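Geometric and topological summary
The lines below spell out each chain.
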Amino acid sequence: MRKNRSAALAAASFLLLTGAGIAAAPSAFAGTPGGTRADDRNSDFNGDGYEDVLVGAPGATVSGAKGAGLVTVQYGSTGGINTSNVARFSQSTSGVSGAAEAGDNFGKAVATGDLDGDGYDDAVIGIPGEDLDAGADAGGVAVLWGSKSGLAGSASSWLQSQDAAAGQQFGLGLAAAHFTADTPGDLLAVLDKDNVDLYVYDPAPQARGEAPLRRQATERLGRSAAASAIVSKSLTTGDYDKNGYADLVASGTTEGDEPGHGWSVQFAGGADGLTYKNDLRGGPVAASGDINNDGYDDLVTGEPASPDDGGETMTGGLVGVRYGTADGLVNEAKWWTQDAEGVPGVAEQGDGWGADLSVADTNGDGYADVAIGAPGEDIGTVADAGAVWVLRGSENGMTASGAKSFDQNSADIPGDAEKGDKWGAQVRLTDPNRDGRFGLLAAAPGENTGDGVVWVLSANSGGVTAAGSWTYGAGSLGAPSADAAFGAAIDE
């Protein structure tokens, strides 16, 4: 158990989204200082120009504590990622605050961003199961600071809510981006079961030996709490109006008289910071990128299980796309299901289509494509084996032309579709070899009865391809693998 610490955390939270039962599905991007568009992201912890990959294994047993959790970092290079140029971090790593304890779930949420504006991206690790003096599952966040040599436990900071309380689960979701002109680096948004708080890097507390992050006062956004009966579950950022500052979207589901519908709250970034803009249909999963290559980021939302008007669970899942303009995101979304013309497969109840999303250019044509995970997809008679789709971007936006789908029974994909694998529970498009084509990471946290495995699919001029695909798990990277749920979180 950790003692409560309130160093440099004096201010008000900016958004209150009340409710219970949040399952984090964080989605964010990290960028260079001042970067806002999704194609600026690089998750580059050592500043060598190659994107690195941060993966959470929140179920891992560490120092004998089941579910203490860990994360792995694979450093990018001309050859992409591998299983040798790797670092592993947990609360048993020297310098990382706290101790590995059962149920901490270190790595249940992960994000990256250059918080101190030094040119090296930093890794942010959510620990929603952390117990504090305030009570069980109060939660916390660890920040591993980037440097020329990459990440190290000795260069880390601890963050917790000033208002820590039992069951708060601080660190359920994370995002970092350049929302304002007030700081040269990215600001950090942290989600717990009731709030989203914004933190800014401040070197003064660090000089006193305290955490160099303080909560920023943004009370003017609090009015969204009364207006939005939404339980937030994920965060994403993008420059939807191309003003040079990132905007923040908190996506979740409704509560009250009509619970379970996907909705999001949008905050517009600007020189003076974030301001509430509007509520949008769609969620609880979200990702951002420039799908039609017009210079404005677009918002993609996933609704893997939404009630219909009769209160029954909608079959299959729903993905919505809203395009950015000079005025921000358009009001009307373009809605997609597996039954849309040209999309492979058929929408069936429980597919979970849209359970995770990633947006990036897979074939180098300048248009960001959209990866869509459906961990509940049945493959033949195999229930919940899971599958992934990639839909192309174009001048006219997301299109089914050239759409692809993959599962463990697809040609050249290692392994076999098995019940409960949940292949595609996490998807990420990544370019660790910097060739301008983003390949696909598809995670199956349920693989091998809960150990978790990640598949690597490369990309060429035709986009994502299964040819040459390979797999790895926590054990491949020198970390504990039993029931680790490896791949339950992958930084976007």
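Under an unreviewed UniProt entry, the protein chain has the name Esterase and belongs to Streptomyces venezuelae.

Digging into the overall build of the protein chain
Secondary structure summary: the protein chain contains 3 helices and 33 strands in total. Out of the 492 residues belonging to the protein chain, those deemed buried represent 61%. A separation threshold of at least 6 residues defines the contact pool for the protein chain, and within that pool the share at least 24 residues apart is 59%. Element-wise, carbon and sulfur atoms account for 45% of the exposed surface of the protein chain, whose accessible area totals about 16200 Å².

Brief notes about the environment of Gly256
Along the polypeptide, Gly256 turns up in the loop between β14 (247–254) and β15 (262–268). Given the relative accessible area of 58%, Gly256 is considered exposed. Sequence separation between Gly256 and Ile230 is 26 residues; the distance between their C-alpha atoms is 9.0 Å.

Quick word on the pairing of strand β24 (residues 369–374)
Of all 6 residues making up β24, 6 are buried, and the element is well covered by its neighbours. Side chains Asp369, Ala371 and Gly373 of β24 all project onto a buried face; the interleaved residues Val370, Ile372 and Ala374 project onto the opposite face, where all are buried too. As paired strands, strand β23 (residues 356–360) and β24 are joined by 5 bridges and run antiparallel to one another. Looking at β24, one finds that Ala360 is bridged to Asp369.

Describing the sheet that holds strand β33 (residues 489–490)
Read across the sheet, 4 strands follow the order β4-β3-β2-β33 without closing on themselves; strand pairing throughout is antiparallel. On the outer flanks of this sheet lie β4 (86–89) and β33, each paired with one strand and no other. Where strand β2 (residues 53–57) and strand β3 (residues 70–74) come together, 5 bridges link them in antiparallel fashion. Its bridge partner lying in β3, Leu54 is registered against Val73.

Side note on the pairing of strand β10 (residues 187–191)
Of all 5 residues in β10, 5 are buried; the element is thus mostly enclosed. In β10, alternate side chains face the same way, and those of Leu187, Ala189 and Leu191 on one face and Leu188 and Val190 on the other are all buried. Pairing analysis gives 5 bridges linking strand β9 (residues 173–177) to β10, with the strands arranged antiparallel. Counterpart to Gly173 in the pairing with β10 is Leu191. In this structure, the hairpin formed by β10 and strand β11 (residues 195–201) is closed by a connection of 3 residues.

Thoughts on unusual backbone geometry
Omega for the peptide link from Gly283 to Pro284 comes to 15 degrees, which places this bond in the cis form. For Pro284, the location among the structural elements is in the loop between β16 (275–281) and β17 (285–289). The residue Asn293 is not glycine, and still its phi comes out positive at about 55 degrees. Note that Asn293 resides in the loop between β17 and β18 (298–303). On the basis of relative accessible area, Asn293 is assigned to the partly exposed category, the value being 40%. The phi angle at Ala485 is positive, at roughly 55 degrees, despite the residue not being glycine. Mapped onto the elements, Ala485 comes out in the loop between β32 (470–473) and β33.

Conventions adopted
- Residues numbered from 1 in each chain as written.
- Predicted model: local features only at pLDDT ≥ 70, side-chain atom pairs only at ≥ 80, totals over all residues.
- Heavy atoms only, no water.
- Helix = DSSP H or I, 4+ residues; strand = E, 2+ residues; numbered from the N terminus.
- Buried < 20%, exposed > 50% of the residue type's maximum accessible area, 1.4 Å probe, protein only.
- Contact = heavy atoms within 4.5 Å.
- Areas by Shrake-Rupley, 256 points an atom, 1.4 Å probe, with all protein chains shown as cover.
- Pairing = 2+ DSSP bridges.

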